[in-house]
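Inside the fold
Now for the letters of each chain:
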Amino acid sequence: MAFNSHRDFFEVLEKEGELARVKKEVDWDGEAGAIGRKTYENQGPAILFEKIKDYPEGYRISNGTTGTWSRVALSMEMAKKASVREIYQEYEKRVDIKIPPKILKKSDAPCKENIMLGDEVDLHQFPMPLIHEGDGGRYVGTWDVVINKDPETNWQNWGMYRFMAHTKNWLTGWPQTTSQFAFIMNKSYLPYNKPMPVAIVLGADPLSHIIATAGIKPYENEAENVGGLRGQAVELVQCETSDLMVPAHAEIVIEGEVMPDQIAPDGPFGEYPGYRSGTMCAGVAVKVTAVTYRSKPIVTMIALGTPPDDSSIAASLTAAVAMKKGLMRHGVPVTDVYVPPEGVTHLIVIGVTKGGTETTRKVLDYFTLRRIMTNKHIVVDADVDVFNMAEVLHCFATRCHPGRGILYEWYEGRSNSLTPFYNPEERKKLKGCSVAFDSTWPPEWEKEIVPIKSSFKTIFGKEIIDKVNNNWDTYGIKL
Ligand SMILES: Cc1cc2nc3c(=O)[nH]c(=O)nc-3n(C[C@H](O)[C@H](O)[C@H](O)COP(=O)(O)O)c2cc1C
């Protein structure tokens, strides 16, 4: 049975020893964020903060729902100890399966247990955390699912975008111009001076959040991908003040409209590359029209920062599988792609069956032709396990020629302004650069000149390998 809700999943996390309930009162102003950060940095459990300063009993904050590979495995109902490769393979198998959502009556939807409409709306009734010192404000949307709709086709887009509270009924957000949220807004609402309905969902089932982080193609219905990934339809219900459809078991749904004639300062924020984003910038302004929520609501937080955390792990999974498919379509003879969480989607490892400059150029072209979140691409031979960074680094250090093996390309108008190493001018112009490291043996080399790797599996003959393996227990060496 798939998890329908954040709460169901937390029960399983608790049984599996993956949840800490913090009963001591914790301050929303920095303390919860700092605890979340320290916990991530020590690969600790998901957290449920059960008593928040200034808030009544029952108003809670969670952190780190799927912030480790074991919790991602559990969210997909796999064994907790599944390897990253197994999780990738399972996700790749399931993500293209489409199961249409099931629509619930409003009276059956837990997210409608409590409803605030119009003037009753007061976001400060919820324990929105000030996550990091130096954040521009209290972020209510960090681990969220944000929904907006293309009025021409009725396509409802799901994405994950941060949102900060300004007042009791105004939020500001910063969907990048390359996001599908901005694509719809700039195509169908802003030019006509029309408010755009939006729903910001906190605490849905875990896979809805993971899919919200994924770069699913425009006009695809992400709710159907979630169904496929879960093996069961996701249950949706209509909003109170728009025709947007939201996960019915969510903890909190904030309904609103992006106002076409307003901007509001947003940020700074402790961002996903692991650094505080620059100064405040002009964000979109959302007037909140309603909030619906479960009794004893849980505000989902992620204390985003240096990896690994929910963000770098989800991106590792969803981006790598999408890139593998894209590279294949682009004619790259790819075996596997790994996006190490530690590289926060800046660093990608690509295994290929045939390496060399031509293949590496194709890899670089693939990455520089599109919306650019990545910048360093290590191309390795098929004998290297892309999921094993010790093997990848050894390969990079020993096979990448510093003169011939490094290919790079500049581009303009498409880079990610949050990438820390770009200077202010480059960020303004969205000017970027991509590099590919050809860490493969040149395909034109005769077999005789390719150095033999000096490892147990490769430098000995079959006879001695079998002998050592068969006798291993008799040597008295524990590995
Ligand atoms: C925690 C978290 C916060 C994010 N915040 C933003 C954001 O504020 N703006 C943005 O453009 N992308 C943000 N992203 C990245 C998007 O979620 C991601 O690019 C996703 O593919 C967007 O959906 P889309 O492809 O439908 O635009 C965030 C990702 C994570 C994991």
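Analysis parameters
- Residues numbered from 1 in each chain as written.
- Predicted model: local features only at pLDDT ≥ 70, side-chain atom pairs only at ≥ 80, totals over all residues.
- Heavy atoms only, no water.
- Near = heavy atom within 4 Å.
- Polar contact = N/O pair within 3.5 Å; in protein donor to acceptor, adjacent residues only side chain to side chain.
- Areas by Shrake-Rupley, 256 points an atom, 1.4 Å probe, with all protein chains shown as cover.
- Helix = DSSP H or I, 4+ residues; strand = E, 2+ residues; numbered from the N terminus.
- Nonpolar A, V, L, I, M, F, W, Y, C, P; charged D, E, K, R; others polar.
- Salt bridge = Lys/Arg side-chain N within 4 Å of Asp/Glu carboxyl O.
- Buried < 20%, exposed > 50% of the residue type's maximum accessible area, 1.4 Å probe, protein only.
- Phe/Tyr/Trp six-rings, centres within 6.5 Å; stacked < 30°, edge-to-face > 60°.
- Lys NZ or Arg CZ within 6 Å of the ring centre and 35° of its normal.
- Pairing = 2+ DSSP bridges.
- Domains from an automatic or database assignment.
- Contact = heavy atoms within 4.5 Å.
- Buried area = accessible area lost by both parts, 1.4 Å probe.
- Arc of directions from axis to C-beta.

In the vicinity of the ligand, 19 residues are found, and the nearest of them are Met160, Tyr161, Arg162, Gln176 and Gln180. A distance of 2.8 Å separates an oxygen atom of the ligand from a polar atom in the side chain of Tyr161. Interatomic distance of 3.2 Å between a backbone N/O atom of Ala214 and an oxygen atom of the ligand. With the chains in place, 90% of the 630 Å² that the ligand exposes on its own is no longer accessible. With three residues, strand 8 (residues 156–159) is the single largest residue contributor to the shell around the ligand. Looking at side-chain class alone, the shell around the ligand contains eight nonpolar, nine polar and two charged residues.

Within the structure shown, the criterion is met by 33 salt bridges. Here Glu14 ties to Arg21 by a salt bridge, and the two come within 2.9 Å at their closest N and O atoms. According to the relative accessible area criterion, Glu14 is partly exposed, its value standing at 36%. Accessibility expressed as a relative area gives 33% for Arg21, which makes it partly exposed. Across the pair Lys187 and Glu152 runs a salt bridge, and its minimum N-O distance is 2.5 Å. Residue Lys187 is found in helix 5 (residues 180–188), and its partner Glu152 is found in the loop between strand 7 (144–149) and strand 8; the two are separated by 35 residues along the sequence.

With that out of the way, let us pick up the packing of aromatic side chains. Going through the model one piece at a time under the given rule, you end up with 17 aromatic pairs. Consider the rings of Tyr366 and Phe367, whose centres lie 4.9 Å apart with planes at 80 degrees: the pair is edge-to-face. Like Phe367, Tyr366 is buried. Linked through ring pairs, Trp69, Tyr88, Tyr338 and Phe387 together constitute an aromatic cluster. Above the face of the Trp28 ring, Arg138 is positioned so that its terminal group lies 3.5 Å from the ring centre.

Looking now at the sheet that holds strand 13 (residues 245–247). Here three strands make up an open sheet; going across it, the order is 4-12-13 and the pairing mixed. Two strands lie at the open edges of the sheet, namely strand 4 (102–103) and strand 13, each paired on one side alone. Across two bridges, the pairing between strand 4 and strand 12 (residues 235–238) is parallel. Among the inter-strand pairings, Lys102 is bridged to a residue of strand 12, identified as Glu235.

Let us look at the domain arrangement of the protein. Domain parsing of the protein yields domain 1 (69–301) and domain 2 (330–447). Centre-to-centre, using C-alpha coordinates, domain 1 lies 31 Å away from domain 2. Contacts between the two partners involve 14 residues from domain 1, matched on the other side by 17 residues from domain 2. Carbon and sulfur atoms supply 60% of the area that domain 1 and domain 2 bury against each other, a total of about 1,300 Å² over both sides. When residues of domain 1 are sorted by the area they lose upon contact with domain 2, Arg85, Tyr88 and Tyr272 head the list and together hold 41% of the total. Arg85 is the partner of Asp336 in a salt bridge, and the nearest nitrogen-oxygen pair spans 3.0 Å. Between the two partners, domain 1 and domain 2, sit five residue pairs in polar contact (both at pLDDT 80 or more). It is helix 4 (residues 84–94) that contributes the most residues to the side of domain 1 that touches domain 2, three residues altogether. Partitioning the side of domain 1 that touches domain 2 into residue classes produces seven nonpolar, five polar and two charged.

It is worth spelling out helix 4 at this point. Residues three or four positions apart in an α-helix share a direction because the helix packs 3.6 residues into each turn. Within helix 4 the residues assigned to the buried category are Val84, Ile87, Tyr88, Glu90, Tyr91 and Arg94. The buried residues of helix 4 occupy an angular sector of 165 degrees when the element is viewed end-on, so they sit on one face. In this structure, the buried residues of helix 4 make contact with helix 3 (69–75), helix 6 (206–212), helix 7 (222–230), helix 8 (310–329) and strand 17 (334–338).

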